[in-house]
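Summary of structural features
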2 protein chains.
Amino acid sequence: MEKPTLPKGTRDFGPAVMAKRQFIFDTIRKVFQTYGFMPLETPSMENLSTLTGKYGEEGDQLLFKILNSGDFLKDVPKDKLTSTNAKQLSFQICEKGLRYDLTVPFARYVVMNRHEIAFPFKRYQIQPVWRGDRPAKARYREFYQCDADVVGTDSLICEAEIILMIKDVFQRLAITDYTIKINHRGVLAGLAELIEAQGKETSLFVAIDKLDKIGEEGVRKELVEKGFSNSSLDKLFAILNVKRSNASQSALLTTKFESSDAGKKGLMDLKEVFILLESYGSDDTNVEFDVALARGLSYYTGCIFEVKINNVSIGSVSGGGRYDNLTQAFGDKEKLSGVGFSFGVDRIFDAMEELNLFPKNAQVSSKILICHFDDESFRYGLGILNQLRGAGIACEIYPDHTKLKKQLDYANKKMVPFTLVLGSDEVKSGQLTFKDMNKGEQEKLTIDQIIEKLN
Amino acid sequence: MEKPTLPKGTRDFGPAVMAKRQFIFDTIRKVFQTYGFMPLETPSMENLSTLTGKYGEEGDQLLFKILNSGDFLKDVPKDKLTSTNAKQLSFQICEKGLRYDLTVPFARYVVMNRHEIAFPFKRYQIQPVWRGDRPAKARYREFYQCDADVVGTDSLICEAEIILMIKDVFQRLAITDYTIKINHRGVLAGLAELIEAQGKETSLFVAIDKLDKIGEEGVRKELVEKGFSNSSLDKLFAILNVKRSNASQSALLTTKFESSDAGKKGLMDLKEVFILLESYGSDDTNVEFDVALARGLSYYTGCIFEVKINNVSIGSVSGGGRYDNLTQAFGDKEKLSGVGFSFGVDRIFDAMEELNLFPKNAQVSSKILICHFDDESFRYGLGILNQLRGAGIACEIYPDHTKLKKQLDYANKKMVPFTLVLGSDEVKSGQLTFKDMNKGEQEKLTIDQIIEKLN
């Protein structure tokens, strides 16, 4: 029999990695809850009718489809079987697919539960999603998203709180060198008006979004090919190229956007977000008003965000923005505006590994291993174990009677930080040999002293 | 456009239900960790070659298969398409399936990582599994399992600790009326020898396992049809029918099993488990040596467990047992024995709802909602919000300017227990109106007093 393997693009998470991942998840969950977001979980499977048509043609192709149970060919005529192509056939033999993101299931949930929900509705959702992408570095076929959205209000405190939550999460994770880029759909529209690119907005935004990667030369080349004049591009780069403070960027654009309603609205919103940050007692440290930030455009209508951890190989770890109609795709007539963002845990994990930021005690294992010389001390150890656990201390006893060396090797391999070594002396006196496995030091302590020391 | 729906047998978990589920998950995870178990997560998808043949023919039919990405018909000859049946075709167009339980992925993980693992390996795993069962009450197509297994040791403290963990979890969940049934494969073998049912063990065990449901008469009828004599059934029920204490059940069987090696081994193991419980400072309260407990037999080789919450509609919430070769199904030659058990969270949830056991504060929402009369108090409130969050208190501000009544209605609907009502008086004096929404009482407090009160 061949050795088993994992499906391409998927991973096991063993104990050491799980401990670090749980540290990130717990941090994000804690911050979401502190900001008043409530948990939601949706099924891994959705009807294909819920999923298709929501992610563009490329996204539809990346959906994992689930074969109907039982005789899935029952209702497919034999001639259809050979005359249709794979794509057409797939919809006849599959009704369900795996969740591709958390936004569409959230929208589906809101549509189905509209009358029970108290709006504004603040929900967070931490679940895996699946995409049939070609696996590559930092691109997996199963990965977690951590989303928080507020729907049912236009208030810009939601935008301000997204910034605060990102800052809070990063502070707790000890990530210090990062940039929260913010822009506004209205500012982009103003920019397009300014350089007279109406009707060619998409080409413009797609190009400038790549400024970081391909530089001014690359963007100019792409836009010239799309028919932009050099003079309009000079105007564009006069704005994009100069790094200014958020306030002076805003001041500059205010003079330029005098005749653009969309541009003025965008600037006003952004200014208000910065003012609100100050009302919270925070400021725009780590926040950069980036006129070139565009993100996916079909969906967002107000502020947009992207978060980059600096000086790591894959730094883009979070993004989001405001939309004015969450449930539109389900034909809902009542508009429901909102704003949300998403943390990519896998990328935060990779960045933290690269920066060596995980706390040493993130390893989830027993704090104490009880070792023993004979059956008497073994049985005595069980009572000790029970007392330690009663005090909330994770611990275990080496389950078999074996040499002390083997027991201590096990503690080292599992990175258990302390051991208790029990023999007939300890059983008699209650003075237990307590060993710090990292320092190599040991001392005699009573069980009460040990509990006090570890708590 | 039609209103979206959920796939059959799947569920959304909204905030109120999520809070309760998280309470159960957190409790189980905490207990697993306290007993030295380490977390593992495996992918939702496994290769079908990993999954098939592990769950019997019926299980294979319940596997959800995932359609291969892209042109899944590419390598299927046209004539094959029409000449093969659905089952055969499914393996040509699907390579992957969804996880059906947590044991097979665990075994697959152990086989793939054998040389890095420190044995005895204590792992826990809390993840959903998928089964294409016909949906029914308390039977879902996606549900969570919470498994803990120790592999690489024959020590009976593992069995004792399973009992201790179940007791610990139930104590934390305030479940008091429950029974942990325990039996041993050896005892069942001894029973079969005693009534001379060798060669008909499976029929015997399948029948007596149903004693709870169909009663003595039903079991007798089934076994008579399978060719058992009335005299052997009298012998059987002389043991099954009389409820005895664990100790006297054990004493009785010791006299009966004099000539059965398997039976004697089973009794010895069980006695040792009860002795170990006492060494831990525990006892056999809530534990019942049930000779009729059989469970799935192909897999287990030692002690077997089943846990029933009494006086609820679906009480069986946990089960497990010892096996002597976890990785056998993957053709592994080195035997790896272990023991494990699994909590069914959905059933524990239903039982706790039925018994009204969830703590009232299980609702995850903000502890405080800040309400405001005007823009000045709104902005003042943002600073208050920041101080509360800094103290770890989950809170939010009503994001829009609207009537106080609407703000308070929102707090009530979300079950937020406290509100702060801010107006110009509060902004001037710093004496904030703090309202207990359950009691309807309010008082004037400073922000420091409020933080002290809530922490």
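Residues numbered from 1 in each chain as written. Chains lettered and ligands numbered in written order. Predicted model: local features only at pLDDT ≥ 70, side-chain atom pairs only at ≥ 80, totals over all residues. Heavy atoms only, no water.

Next up on the list: the sheet that holds strand β1 (residues 38–39) of chain B. Residue and element names in this part refer to chain B. If you trace the 8 strands from one edge of the open sheet to the other, you get β1-β5-β6-β11-β10-β9-β7-β8, paired in mixed fashion. Edge positions in the open sheet fall to β1 and β8 (287–289), since each of these has one partner strand only. Two elements, strand β6 (residues 142–151) and strand β11 (residues 338–344), share 7 bridges in a ladder whose sense is antiparallel. Bridge pairing in β11 places A148 opposite F341. (Pairing = 2+ DSSP bridges. Helix = DSSP H or I, 4+ residues; strand = E, 2+ residues; numbered from the N terminus.)

This next bit is on helix α1 (residues 15–34) of chain B. Residue and element names in this part refer to chain B. Taking 1.5 Å per residue, 20 residues should reach 28 Å; α1 reaches 28 Å between its end C-alpha atoms and fits that length. Of all the residues in α1, the buried ones are P15, M18, A19, R21, Q22, I24, F25, T27, I28, V31, F32 and T34. Two residues or fewer after α1 comes G36, characterised by a positive phi angle close to 85°. (Expected span 1.5 Å × (residues − 1). Buried < 20%, exposed > 50% of the residue type's maximum accessible area, 1.4 Å probe, protein only.)

Moving on: the pairing of β6 of chain B. All names here are of chain B. Burial within β6 is extensive, with 10 of its 10 residues counted as buried. Bridge count between strand β5 (residues 121–130) and β6: 10 bridges; the pairing is antiparallel. Within the sheet, the bridge partner assigned to F121 lies in β6 and is V151.

Under the definition given, this model contains 60 salt bridges over all chains. For E334 of chain A, the salt bridge is made with R114 of chain A, and the minimal N-O distance between the two is 3.7 Å. One end of the pair, E334 of chain A, is in the loop between β10 (316–323) and β11 (338–344); the other, R114 of chain A, is in the loop between α6 (103–113) and β5 (121–130), with 220 residues separating them in the sequence. Judged by relative accessible area, which is 12%, R114 of chain A ranks as buried. Put simply, E159 of chain B and R322 of chain B hold a salt bridge, and the shortest N to O gap is 2.5 Å. Of this pair, E159 of chain B sits in helix α7 (residues 157–173) while R322 of chain B is found in strand β10 (residues 316–323), placing the two residues 163 residues apart along the sequence. Given a relative accessible area of 0%, E159 of chain B falls into the buried group. (Salt bridge = Lys/Arg side-chain N within 4 Å of Asp/Glu carboxyl O.)

Further remarks concern unusual backbone geometry. In this chain, F119 of chain A is followed by P120 of chain A through a cis amide linkage whose omega measures -5°. For P120 of chain A, the position within the fold is in the loop between α6 and β5. In the Ramachandran plot, E196 of chain B falls in the positive-phi region, its phi being about 55° despite a non-glycine side chain. Inspection of the secondary structure assignment puts E196 of chain B in the loop between α8 (185–194) and α9 (201–208). Of note, M415 of chain B is a non-glycine position whose phi angle comes to about 60°, a positive value.

This part is about the interface of chain B and chain A. Taken together, the contacts link 107 residues of chain B with 107 residues of chain A. Buried area between chain B and chain A, summed over both chains or domains, comes out near 8,900 Å², and the portion from carbon and sulfur atoms is 61%. When the buried surface of chain B facing chain A is broken down by residue, P4, E41 and R389 of chain B rank first, second and third, together holding 7% of it. On inspection of chain B and its partner chain A, the count reaches 8 salt bridges. The shortest N-O distance in the salt bridge between R389 of chain A and E161 of chain B comes to 3.0 Å. The interface formed by chain B and chain A holds 30 residue pairs in polar contact (both at pLDDT 80 or more) in total. Residue composition of the side of chain B that touches chain A, by class: 52 nonpolar, 30 polar and 25 charged. (Contact = heavy atoms within 4.5 Å. Buried area = accessible area lost by both parts, 1.4 Å probe. Polar contact = N/O pair within 3.5 Å; in protein donor to acceptor, adjacent residues only side chain to side chain. Nonpolar A, V, L, I, M, F, W, Y, C, P; charged D, E, K, R; others polar.)

With that out of the way, let us pick up the pairing of strand β12 (residues 368–372) of chain A. Residues and elements named next belong to chain A. Burial of β12 is extensive: 5 of the 5 residues sit out of reach of the surface. Burial along β12 is two-sided: the face carrying I368, I370 and H372 and the face carrying L369 and C371 are both buried. Sheet topology note: the β12/strand β13 (residues 395–397) ladder contains 3 bridges and is parallel. Bridged to I368 within β13 is C395.

Below, the discussion takes up the domain arrangement of chain A. As far as domains go, chain A holds domain 1 (15–354) and domain 2 (365–454). Distance from the C-alpha centre of domain 1 of chain A to the C-alpha centre of domain 2 of chain A: 50 Å. (Domains from an automatic or database assignment.)

On to helix α14 (residues 345–354) of chain A, then. Residue and element names in this part refer to chain A. Where α14 is concerned, the buried positions are V345, D346, I348, F349, A351 and M352. Where the residues of α14 are buried, they touch α1 (15–34), β6 (142–151), α7 (157–173), β9 (303–309), β10 and β11. Just beyond α14, the residue with positive phi is N356, at close to 60°.

Let's shift gears to the UniProt feature "binding site: L-histidine" (unreviewed entry) in chain A. All names here are of chain A. Within this numbering scheme, the UniProt entry marks D101, L102, T103, R131, Q145, D149, R295, Y299 and Y300 as carrying the feature "binding site: L-histidine" (unreviewed entry). By the secondary structure assignment, D101 is in the loop between β4 (94–98) and α6. Here D101 falls in the buried class, since its relative accessible area comes to 11%. The contacts of D101, once residues within four sequence positions are left out, are Y55, V129, R131 and Q145. A distance of 2.6 Å separates a polar atom in the side chain of D101 from a polar atom in the side chain of Y55. Mapped onto the elements, D149 comes out in strand β6. The buried category is assigned to D149, whose relative accessible area is 3%. When sequence neighbours within four positions are dropped, the list of residues in contact with D149 reads F37, F106, F121, K122, R123, Y323, V339 and G340. Polar contacts involving the side chain of D149 include one to the side chain of R123, which spans 3.0 Å. (UniProt positions renumbered as here; feature names shortened; annotations may be inferred.)

The subject of this paragraph is the sheet that holds strand β16 (residues 441–445) of chain B. All names here are of chain B. Within the open sheet, the 5 strands sit side by side as β13-β12-β14-β15-β16. Their pairing is mixed. Each edge of the sheet is formed by a strand with only one pairing partner; in this case those strands are β13 (395–397) and β16. Averaged over all adjacent pairs, the angle separating strand axes in this sheet is 25°, with direction ignored. One ladder, built from 5 bridges, connects strand β15 (residues 432–436) with β16; its direction is antiparallel. The residue bridging F434 from the neighbouring strand is E443, located in β16. (Axes fitted to C-alpha atoms, helices over the stretch in contact; angles between N-to-C directions.)

Before going further, it helps to examine the packing of α1 of chain A against α14 of chain A. Geometrically, a packed helix pair is captured by the angle between its two axes and the distance between the axes. All names here are of chain A. Relative to each other, α1 and α14 sit at 115°, their axes nearing to 10 Å. Judged by the twist between their axes, the crossing of α1 over α14 is right-handed. Counted together, V17, K20, R21, F23, I24, F25 and I28 of α1 and V345, D346, I348, F349, M352 and E353 of α14 form the full contact between these two elements. (Left-handed = near helix turned anticlockwise from the far one by under 90°.)

Once that is clear, we can look at the side chain of N246 of chain A. All names here are of chain A. Looking at the element boundaries, N246 is found in helix α12 (residues 246–256). Here N246 falls in the buried class, since its relative accessible area comes to 9%. Among the polar contacts made by the side chain of N246, one reaches the side chain of D284 at a distance of 2.8 Å. The contact partners of N246, leaving out residues within four places of it in the chain, are F274, D284, V287, E288 and F289.

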